[in-house]
Amino acid sequence: MSRNTVARINLAAIKHNYLYAKSCVPGAQAVAIVKANAYGHNAIKVASYLDSEVDLFGVACIEEAIEIRQSGVKSPILLLEGVFEFDEIDYANKNNFLICVNSNKGLNWILNKDYSEPLTVFLKYDSGMGRLGFQDDTIVDAFEKLSSSKNVKEIVLMTHFACADEVGNMVTDRQMHKISSIYNALKKKYKFKLSISNSAGVLTKVYPSQDFIRPGIMLYGASPIDYNQHDQNLLTTMIVTAPIISIKNYNKGDNIGYGGTFICPKDMTVGVVAFGYGDGYPRHAITGTPVYINGSITHIVGRVSMDMLTIDLTNIPGTKINDIAELFGENVSINDVARCADTISYEIFTKITKRVYREYLY
Ligand SMILES: Cc1ncc(COP(=O)(O)O)c(C=O)c1O
């Protein structure tokens, strides 16, 4: 590794965050969401490490589940987007993949064939997300059809919050009201389970009683709630660092980087860090985005390039070539970087490219 750009991934911290998520909703099982390569943390490494601890893993699609299963992971895996083709149902059933049913197409595939083993089905209710799932006028009918099918052994009624990261948002109240009404009505007649909360729902404890929570981003140490604050109970799971490869002095009025968008307001020392959008750093990160080096927080000046970014070293005089800058992790919060780039931690995590060397801590 000559170009010393590194993402240090702490698997023990992910386990800690998983257990913390479970402690927020006592009695609930937890689906550890490891889709999109475990939010960029390496799904096989994360799932293998957590396998003996988790109740279930959650991925988007069967290809992600197969990759994890083939690595030797034994826990059940939930397919959050359901199946895309009819044949996937048998394959899923044989491999202990649980299916979300989000539409009539998936529902009919489950009802209209004989399966060797009955299925556990997560039935999705669109209570206000406006995305996948059955709406108010079809959810009870879908539930009853599944319930009376010999192909189904267990139903988990699930829904997904749209705005739980914004504390006090009325959409969450409306969603909670709707899911409670459906749950209470069905519960008079049927036995089934309930799955409601993503990380934001878990952390704000908006629906404290349920059978399965589905934490994603909180496993990776980033709170979705108040982007200004780090939740002290969550441990950092990824620290991204890169070396300084150039240090030069510039005069007041000199311009820095593509487009010449940054013009030195005074004489300045500028360092070049070997990390750019080709490594997954957001190109839209503005001048002022924090970077940590040699015990100090400084910031980006000018545009992020494909392989490099430039930082102000004027007030960090001892800095030398090959000193290591932290782009986010322990000293710079990923949420702060995300805010400066008008994005979210989820996107930054999932976009760190393969050019960045990975180290794993156990
Ligand atoms: C259905 C479902 N449940 C849970 C999650 C996890 O969400 P978060 O990462 O915000 O905890 C997601 C993520 O997109 C999802 O789609």
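Residues numbered from 1 in each chain as written. Predicted model: local features only at pLDDT ≥ 70, side-chain atom pairs only at ≥ 80, totals over all residues.

## Observations regarding the nonpolar core
Grouped together as the largest cluster of nonpolar side chains are 107 residues, with contacts concentrated most on Ala 32, Phe 57, Leu 79, Ile 99 and Leu 123. Looking at which domains feed residues into this core, each of domain 1 (11-220) and domain 2 (238-361) gives three or more. With residues up to four places along the chain from it excluded, the contact list for Leu 123 reads Val 101, Ala 142, Phe 143, Leu 146, Ile 155, Leu 157 and Met 158. (Core = buried A, V, L, I, M, F, W, Y, C linked by C-beta atoms within 7 Å. Buried ≥ 20, exposed ≤ 12 C-beta atoms within 10 Å, placed from the backbone. Domains from an automatic or database assignment. Contact = placed C-beta atoms within 7 Å.)

## Considerations on unusual backbone geometry
In this structure, Asn 37 is a non-glycine residue whose phi angle is positive, near 55 degrees. Mapped onto the secondary structure, Asn 37 falls in helix α2 (residues 35-40). Of note in this structure, Tyr 39 is not a glycine but carries a positive phi near 50 degrees. Relative to the elements of secondary structure, Tyr 39 occurs in helix α2. (Helix = DSSP H or I, 4+ residues; strand = E, 2+ residues; numbered from the N terminus.)

## Concerning the site of the ligand
Lining the immediate environment of the ligand, one finds Ile 33, Leu 80, His 160, Asn 198, Ser 199, Ala 200, Arg 214, Pro 215, Gly 216, Ile 217, Met 218 and Pro 224. Taken together, the residues of the shell around the ligand break down into 7 nonpolar, 4 polar and 1 charged. (Near = placed C-beta within 6 Å. Nonpolar A, V, L, I, M, F, W, Y, C, P; charged D, E, K, R; others polar.)

## Topic: the domain arrangement of the protein
When cut into domains, the protein gives domain 1 (11-220) and domain 2 (238-361). Taking the mean C-alpha position of each, domain 1 and domain 2 sit 38 Å from one another. With 10 residues of domain 1 at the interface, the matching set in domain 2 holds 9 residues. When contributions to the side of domain 1 that touches domain 2 are tallied by element, the ones reaching two or more residues are α1 (11-24) and α2. Residues that form the side of domain 1 that touches domain 2 fall into these classes: 6 nonpolar, 3 polar and 1 charged.

## Notes on the environment of Phe 143
Within the element layout of this structure, Phe 143 appears in helix α7 (residues 139-147). Each C-alpha atom, one on Phe 143 and one on Tyr 190, is 9.7 Å from the other, the two residues being 47 residues apart in sequence. Ignoring sequence-local partners within four residues, the contact set of Phe 143 consists of Leu 123, Ile 155, Leu 157 and Leu 186.

## Examining the packing of helix α3 (residues 43-50) against helix α4 (residues 62-70)
Running from amino to carboxyl end, α3 crosses α4 at an angle of 55 degrees, the nearest separation of the two axes being 9 Å. Between α3 and α4, the angle falls in the class oblique. Helix-helix and strand crossings are classified by hand; for α3 and α4 the assignment is right-handed. Side by side, α3 and α4 meet where Ala 43, Ile 44 and Ala 47 of the first sit next to Glu 64, Glu 67 and Ile 68 of the second. Residue classes in the contact of α3 with α4 are distributed as 4 nonpolar, no polar and 2 charged. (Axes fitted to C-alpha atoms, helices over the stretch in contact; angles between N-to-C directions. Parallel < 35°, antiparallel > 145°, perpendicular 65-115°, else oblique. Left-handed = near helix turned anticlockwise from the far one by under 90°.)

## Notes on α4
Among the residues of α4, those classed as buried are Ile 62, Glu 64, Ala 65 and Ile 68. When α4 is viewed along its axis, its buried side chains cluster within an angular range of 155 degrees and face the same direction. Turned more than 90 degrees from where α4 packs its buried face, Glu 63 and Gln 70 sit exposed. Next to the buried residues of α4 lie α2, α3, β3 (56-59), β4 (77-79), α5 (88-94) and β5 (97-101). Gly 72 occupies a position one or two residues after α4 and carries a positive phi of about 105 degrees. (Arc of directions from axis to C-beta.)

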